[in-house]
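Observations on chain architecture
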Amino acid sequence: MALSAPSASALGKASALGKRALVAAHRAWRKAAQRGAAFAAPVHGTWRRSLHFRVVTITLVASSLLVGGFSYLVATQSTNILLHGTEAEVKSQLHDDVQYAADQLSIYPVRYNREIQVTLNATASYLSGGGPEQGGFVALTAVRHSNLKTAAPRGVDVSPLIGDQLEDEVAYQGQVARQIRTADLGGGPTKYLVYGSRVPTDFGQVELYRIVPLTTEDQTANQIRTMVLFTGVALVVLLGVLAALVTRLVVNPVRVAARTAQRLSAGLLDQRMAVNGEDDLAQLAAAFNQMATNLQRQIVRLEEMSRLQRRFTSDVSHELRTPLTTVRMAADLIFAGRDDFDPAVARSAELLQAELDRFESLLTDLLEISRFDAGFAMLDAEPTDLVPVVRRVVDRLAGVADRAGVAVDLRLPDTPVIAEVDPRRVERVLRNLVGNAVEHGEGRPVVVTLGVDDSAVAVTVRDHGVGLRPGEEKLVFNRFWRADPSRARQTGGTGLGLSISLEDARLHGGWLEAWGAPGQGAQFRLTVPVRAGDRLTSSPLRLVPQAEVTA
Amino acid sequence: MRLRAVLAVVVAAGVGMAGCGIPDETPVRVDGPGPSPGFATEGASADPPPREAAASKDQFVDNYLQAAAGEARDAHARVSLYLAPAVRSGFKATQEEPSLNLVRVRTRTVADNGDGTATATLQVDQVGMLDGDGQVNPPTQTATTYTIKVGEVEGKPGWFVTTPPDVLLLDVAALSIYYERQNIYFWNVERTGLVPDPRYMPRAVSPAGQPTEILDRLIAGPSELLGAAVRRLPAGTQRTGTVPDTGDRLEISLSAEAGAQDYDPVELGRQLMWSLPSSMRKDLELRIEGQSPRVITEDQAFLDANPAYTSAETPERFAIYGGRIYRLNSSPNGGRDPLPAIITNAVNHDILLAALASGSGVTAAALVVKQGAGQRLLVGTTGGDRPRGFTPVDTVREAIGRPVWLKAPLDTGLVVVGGKLYRFGLDGGALTQVSLPGVGGAVSAVSAAPDGRRIAVVAGGRLYVAAIGRDDQSVEVQAARAVPTSLQQFTEVAWHDDGQLTAAWLRGGRSAIGTVTIDGVAEEVLYERGEAQVTYLVDYPRSPTDNQSVMYVAGGKGYDSQGPDQDGVIEANEVVNGPSNAAPGSATAPFYLN
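Thresholds applied
- Residues numbered from 1 in each chain as written.
- Chains lettered and ligands numbered in written order.
- Predicted model: local features only at pLDDT ≥ 70, side-chain atom pairs only at ≥ 80, totals over all residues.
- UniProt positions renumbered as here; feature names shortened; annotations may be inferred.
- Helix = DSSP H or I, 4+ residues; strand = E, 2+ residues; numbered from the N terminus.
- Buried ≥ 20, exposed ≤ 12 C-beta atoms within 10 Å, placed from the backbone.
- Contact = placed C-beta atoms within 7 Å.
- Pairing = 2+ DSSP bridges.
- Core = buried A, V, L, I, M, F, W, Y, C linked by C-beta atoms within 7 Å.
- pLDDT = per-residue confidence, 0-100.
- Axes fitted to C-alpha atoms, helices over the stretch in contact; angles between N-to-C directions.

Looking up chain A in an unreviewed UniProt entry gives the name Sensor histidine kinase MtrB, with the organism given as Phytohabitans aurantiacus. UniProt's Subcellular location (unreviewed entry) comment on chain A is quoted here verbatim: "Cell membrane". Regarding chain A, the UniProt comment filed under Catalytic activity (unreviewed entry) reads as follows: "ATP + protein L-histidine = ADP + protein N-phospho-L-histidine."

1. Points about the overall build of chain A
The helix and strand tally for chain A stands at 13 helices and 11 strands. Considering chain A as a whole, with its 551 residues, one finds that 30% of them fall into the buried category. Counted over contacts in chain A with a minimum sequence separation of 6, partners at least 24 positions apart contribute 66%.

2. Describing the overall build of chain B
For chain B, the count of helices and strands is 8 helices and 34 strands. Restricting the contact set of chain B to residue pairs at least 6 apart, pairs at least 24 apart contribute 55%.

3. Considerations on the interface of chain B and chain A
Counting from both sides, the interface comprises 43 residues of chain B and, opposite them, 53 residues of chain A. Breaking the side of chain B that touches chain A down by element, the ones donating at least two residues are helix 1 (2–18) and strand 1 (29–33) of chain B. In this structure, strand 2 (residues 175–184) of chain A lies alongside strand 1 of chain B, joined through 4 bridges in antiparallel fashion. In the strand pairing of strand 1 of chain B, A177(A) is matched with V30(B).

4. Side note on the environment of D451(B)
By secondary structure assignment, the location of D451(B) is in the loop between strand 23 (443–448) and strand 24 (454–459). Setting aside its immediate chain neighbours within four residues, D451(B) contacts N188(B), G193(B), L194(B), V195(B), P196(B), P307(B), A308(B) and A408(B).

5. Re the UniProt feature "transmembrane region" (unreviewed entry) in chain A
Residues annotated by UniProt as "transmembrane region" (unreviewed entry) correspond here to residues 51–75 and 228–251 of chain A. Split by type, residues 51–75 of chain A is 100% helix and 0% strand. Its first and last C-alpha atoms lie 35 Å apart.

6. Some points on unusual backbone geometry
All names here are of chain B. Cis geometry marks the peptide bond from A408 to P409, where omega comes out at -10°. Among the secondary structure elements, P409 is positioned in the loop between strand 19 (404–406) and strand 20 (412–417). At N333, a residue that is not glycine, the phi angle is positive and equals roughly 65°. Looking at the secondary structure, you find N333 in the loop between strand 14 (324–327) and strand 15 (351–359). Here N333 falls in the exposed class, since 10 other C-beta atoms lie within 10 Å of it. Look at D394: it is not a glycine, yet its phi comes out positive at around 55°. Mapped onto the secondary structure, D394 falls in strand 18 (residues 388–397).

7. A look at the environment of A522(B)
Here A522(B) lies in the loop between strand 29 (510–517) and strand 30 (523–530). Distance from A522(B) to S486(B), taken between C-alpha atoms, is 9.7 Å for residues 36 residues apart in sequence.

8. Side note on the nonpolar core
In this structure, A354(B), V457(B) and Y552(B) are the most contacted members of the largest nonpolar core, which totals 166 residues. Per element, the largest residue contribution to this core is 8 residues, and it comes from helix 2 (residues 51–105) of chain A.

9. Some remarks on helix 12 (residues 497–507) of chain A
All names here are of chain A. With 9 of 11 residues buried, helix 12 is to be regarded as a mostly interior element. The set of residues buried in helix 12 consists of G497, L498, S499, I500, S501, L502, E503, D504 and A505. Lining the buried residues of helix 12 we find helix 7 (343–374), helix 10 (423–439), strand 10 (511–517) and strand 11 (521–529). Residue G509 follows helix 12 closely and has a positive phi angle near 75°.

10. Describing the pairing of strand 13 (residues 317–321) of chain B
Residue and element names in this part refer to chain B. A large share of strand 13 lies buried, amounting to 5 of its 5 residues. Residues R317, A319 and Y321 of strand 13 are buried on one face, and the alternating residues F318 and I320, pointing to the opposite face, are buried as well. As paired strands, strand 13 and strand 34 (residues 588–592) are joined by 3 bridges and run antiparallel to one another. The partner of R317 across the bridge, within strand 34, is Y592. Between strand 13 and strand 14, which pair antiparallel and follow one another directly, the connecting turn spans 2 residues, one of which, G322, has a positive phi of 60°.

11. A look at the confidence of the model for chain B
This prediction gives chain B a mean pLDDT of 87; 93% of its residues lie at or above 70. Confidence estimates for the predicted assembly give a pTM of 0.69 and an ipTM of 0.76.

12. Remarks on the sheet that holds strand 11 of chain A
All names here are of chain A. Spatially, 5 strands are ordered 6-8-9-11-10 in an open sheet, and the strand pairing comes out mixed. Since the sheet does not close on itself, it has two edges, and those belong to strand 6 (408–411) and strand 10, each with one partner. Taking each pair of neighbouring strands and ignoring which way they run, the sheet shows an average axis angle of 15°. Where strand 6 and strand 8 (residues 446–452) come together, 4 bridges link them in parallel fashion. Along strand 8, the bridge assignment pairs R411 with T449. Here helix 8 (residues 386–396) sits on the sheet in contact with strand 6, strand 8 and strand 9 (456–462), set at roughly 170° to strand 8.

See the structure below:
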């Protein structure tokens, strides 16, 4: 393209201008979008939370699209129909006009005649009838006749209405053509339909334009548009309100049900839903209420049973203690004098003494358990150095370990490990864990490790006995649970030790966990917070031994 | 991102709704080809020769005297082209359609001045003023001599008029070349018939354009002569368009004023249709604003509207022989029909002159009979609501001239008695003198046009035409005008057609019969009768055909121009049932049933 320099620069300027406008538009768009995003963040939250909001929004958007599309179709179609009607009317009128003008001008032969201008004016005036304001008017031009001037009623200047392109089509291409143009002929800017055709005459060619104001059509189109717009908006709003109402009808009971369920789960067992009518939601409410009632009844019954059971255990323990004391005293007497008895009797006295010890510790454990169950267990926490505690436990069990041929390996930090714990309970837990390890150690060494970090203290007890089968790591904490029920009880364990230990750990806000694998032994870990009442998030020691993991 | 999409959709919807009204401007849409341009039909050029056409100075002067001929509005421009550029500016048109001075050139001399210029001296008679509506009015100029200087202009071929007369001159001889005689018609004030008003139509006006021009002339009104005798179109009438030929009809559009209460649109339509030349006459569609269109056809009522048309193709001829009326065998059917019922044997004697006319359902006869030493006029009618026998009119006079009947309606006659013009009615009674304002000398002959509103009289040897107003009791001459002809010493006159008279005159003691247009523009000699003075002349006015039919008495012998005799003398065998011993030419006072 060979553009001359000035036009190229002008083009460049124009394109630069266009680019700048584009950039500005994009910036404005982004700004609007950002503002929208700022507004959208809470909206997004609401969107996720509220079914109500979601349904209404979807309804609004969907109906807006639908109604908008439909409205556009209706408005466009009606405007087109209006316009087509007018165009057809004007076209047929144009045909008559051209016929009339051709007739009127047919009296002039080839030669130019001054009368022609008079006839042009008269014809334009006659065909215009009411004039530019009413029903349009006719202008006659003779662009190929320098002698003839444009004839229009009352000297209206029609040049702004007859564009170059239209003139070209009509005057030079000989077409019947039309165009809508806006012009101000004295009564403010008005849209006009300009329909043109040439008029055959003997002296040359004259063009006839019928110019019809589209005021009525424009008003009607605007009215239709306004009406459609209002109807559409009203419809969308109505749909939105309807959706809101309907959703509310459904969502409200669901919300009530949710709230009621929350209260129920919080322990307010007498909460019920209001049942209105007999519809689906009423059925839901009724069913919900039924469920709540059943649950409440069941829970109350279970609670009652549980209370009775605990009471029974407690009572039985207490009731047994008194006679046991008596029996104990008698047995102590007998045991003291066993040397004087027949060896068989003496042996019985020893057995009696041993079993009484067991019985007593069982009762003690039962009482402890029932105390936990009754919620009477109190944590007597004080800052305690756990290193001596661990040592003491191991020392106390040294005899048992020696008898079992189990070496207890202590791995303790060099520094004191201070934590706010109830030393009596921690000692009981550890004694229980180490005792179990020694008992199930199968003569292999037991490792006791103490670990600490900023928030927690942990003790692990590792044995290398038979270990635990999968799933048993939870079961071990159940009351009176045995890995092999057929196995004779060799040691004096009551079957309640780990249960009590678990309760003790919980009382500290700590964890007591077990790990085990068949043939590889087991490891128990006690973790308690450094400060009483803190929440545990992690433990300083691993539950699963490192060697097992790597293996 | 989803939000952006929603925003975009909303914006698009808004823009879409805003865009679905009627747009401010659309591209040009083409429906298809328009009507194809018509084929140009250039008629034969009817323009006077241009300035450069002259081969000699004499011809140049002749051409100059024709230059104004053609469409009136361009006459001034055409004449201007003959003028030297230096004098053109002083020669301004004073009106849009200037009147042309019609002159009859008696002599033209072109004298070379020796310096390349020439002086033309024209001796002329002023004939009249031809105005834009094609009517010839009495002359306003009195000059009898015009001097025109002819010269050359450097750098331009041909000659120029360097000293023009300050008026537009047109030689009457050019009228017949560049103009066509036409009649336009107006209703008489009693609305009983149409009165023709002769006009000249430039041949330069195309046939397609003539109806429009004719309509304009009708709207402009009748000529001065007819002014009081005829009705004008309703005041304010204008045409709202041209008069196009739509194939089988001419469409005439008039403003609402044309629909005035007292002017029947149908009558208006018939008037328009009669005003069109017969060659372009066809059905009319008359559109008056505020009224439904009417179609006017050439029906009987249309034909009846023009009294001139009622004349039969072949006129019934009669002659008086031995005081009795006989038919001539040149009448239809060989003249074997009996005489009209009104001419009974009881009255058919001692007759000197007779006039028969029929119209309006009445046949009227006026007979001049010998009564004692004098003559008496008898009138009688048959038909109509009051048929009566013959009644004498007035008293016995010494001599009574040829009576004529006025038609439309047929209730009045005119007769010249003792150099004065008198009226008589159907009921007899007295003769009433009709005064002729502006007419000098003794009246010697009278003739009436078929329309009954125009008469021609010969008075003091001059020829006059007059328009009359009348009722069944009186006749009043409203305007009279001398026919500006070069002829003198008229002795007899008869209406020949709508705009022409047949007249007899004497020139150098020799008599002649010829035609003269009522505006004096054209004159033609038909018969030279030598010493034999023409004392009696009747014509059969017919329109539109121009078939010369005239009967007269010259030197005491009766003549019939259509008779079998070469000379025109009425032979004895032409008199049906006449006496066998009749001498040729002894049949006197031949007349037509008008």
